[in-house]
Amino acid sequence: MSRIRRQSGRGLRALFVLPLLAVFLTSAPAPAFAWITMLDGEKGKMEVEFRLMAWAMDAGPDTALIPGLNSAPPPAQSENMNDFFVRRARVLFRGSISKSLEIGLQFGQDNIGSKVLRDDGNMRFKDAYINYKRNDAVQVVVGQFKVPFLR
């Protein structure tokens, strides 16, 4: 009897695992095309992208403050808190005047609707730069920008 139960248990697991494995193997990742072209002509190209990150949290009372979290840490939390808010909202503009000259602008707001106030909770410019790229060996970027990871 136990032998029959073991075999039927294996069959049930295979019944669920094989379709999931088939879906996983057949779903090849597709490239993301997030930029929306607003203008594309002889004089240049203008694109826009919107980014949004939401955050949900369920936190209890603070037992200790983490040093270095931000410049002005909020007061210690003394009760349970459930929160759902927009962590980051960004609007990015990218324009190319010629093949070698690109202008980028990114602005946004962090922690929209958060119960915990942070020092970065208002609208501000994140990136504003001019990029001159003659070829793969020569590139000059001037302005305010976050350096890409691992570059």
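Above this text you will find the structure in question.
Let us look at the structure shown here. What you are looking at is a predicted structure, and each value in this text was computed from that prediction instead of being measured.

### Points about the pattern of salt bridges
All chains considered together, the criterion is met by 6 salt bridges. The salt bridge partner of Glu47 is Arg94, with a shortest N-O separation of 2.8 Å. Residue Glu47 is located in strand S2 (residues 45–59), and its partner Arg94 is located in strand S3 (residues 81–96); the two are separated by 47 residues in the primary sequence. Here Asp136 and Lys133 are joined by a salt bridge, their closest N and O atoms 3.7 Å apart. Through salt bridges with shared partners, a single ionic network connects Lys45, Glu47 and Arg94.

### Observations regarding the packing of aromatic side chains
This structure, assessed with the given rule, holds 4 aromatic pairs. Relative to Phe85, the ring of Trp55 lies with its centre 6.1 Å away and its plane at 10°, an arrangement referred to as stacked. Placement of Trp55 in strand S2 and of Phe85 in strand S3 is noted, with a sequence separation of 30 residues between them. The class of Phe85 is buried, set by a relative accessible area of 6%. Taking the centre distance of 6.2 Å and the plane angle of 65° together, the rings of Phe107 and Phe125 count as edge-to-face. Taken together, the positions of Phe107 in strand S4 (residues 101–112) and Phe125 in strand S5 (residues 124–133) put the pair 18 residues apart, joining distant regions of the chain. Following the ring pairs from residue to residue traces out a cluster consisting of Phe93, Phe107 and Phe125. Above the plane of the ring of Trp35 lies Arg94, whose end atom (NZ or CZ) is 4.0 Å from the centre.

### Topic: the pairing of strand S6 (residues 139–144)
For a regular strand, side-chain orientation follows a simple rule: the groups alternate between the two sheet faces. Note: S5 against S6, 6 bridges, orientation antiparallel. For Tyr129, the partnering residue across the bridge sits in S6 and is Gly143.

Parameters at a glance
- Residues numbered from 1 in each chain as written.
- Predicted model: local features only at pLDDT ≥ 70, side-chain atom pairs only at ≥ 80, totals over all residues.
- Heavy atoms only, no water.
- Salt bridge = Lys/Arg side-chain N within 4 Å of Asp/Glu carboxyl O.
- Helix = DSSP H or I, 4+ residues; strand = E, 2+ residues; numbered from the N terminus.
- Phe/Tyr/Trp six-rings, centres within 6.5 Å; stacked < 30°, edge-to-face > 60°.
- Buried < 20%, exposed > 50% of the residue type's maximum accessible area, 1.4 Å probe, protein only.
- Lys NZ or Arg CZ within 6 Å of the ring centre and 35° of its normal.
- Pairing = 2+ DSSP bridges.

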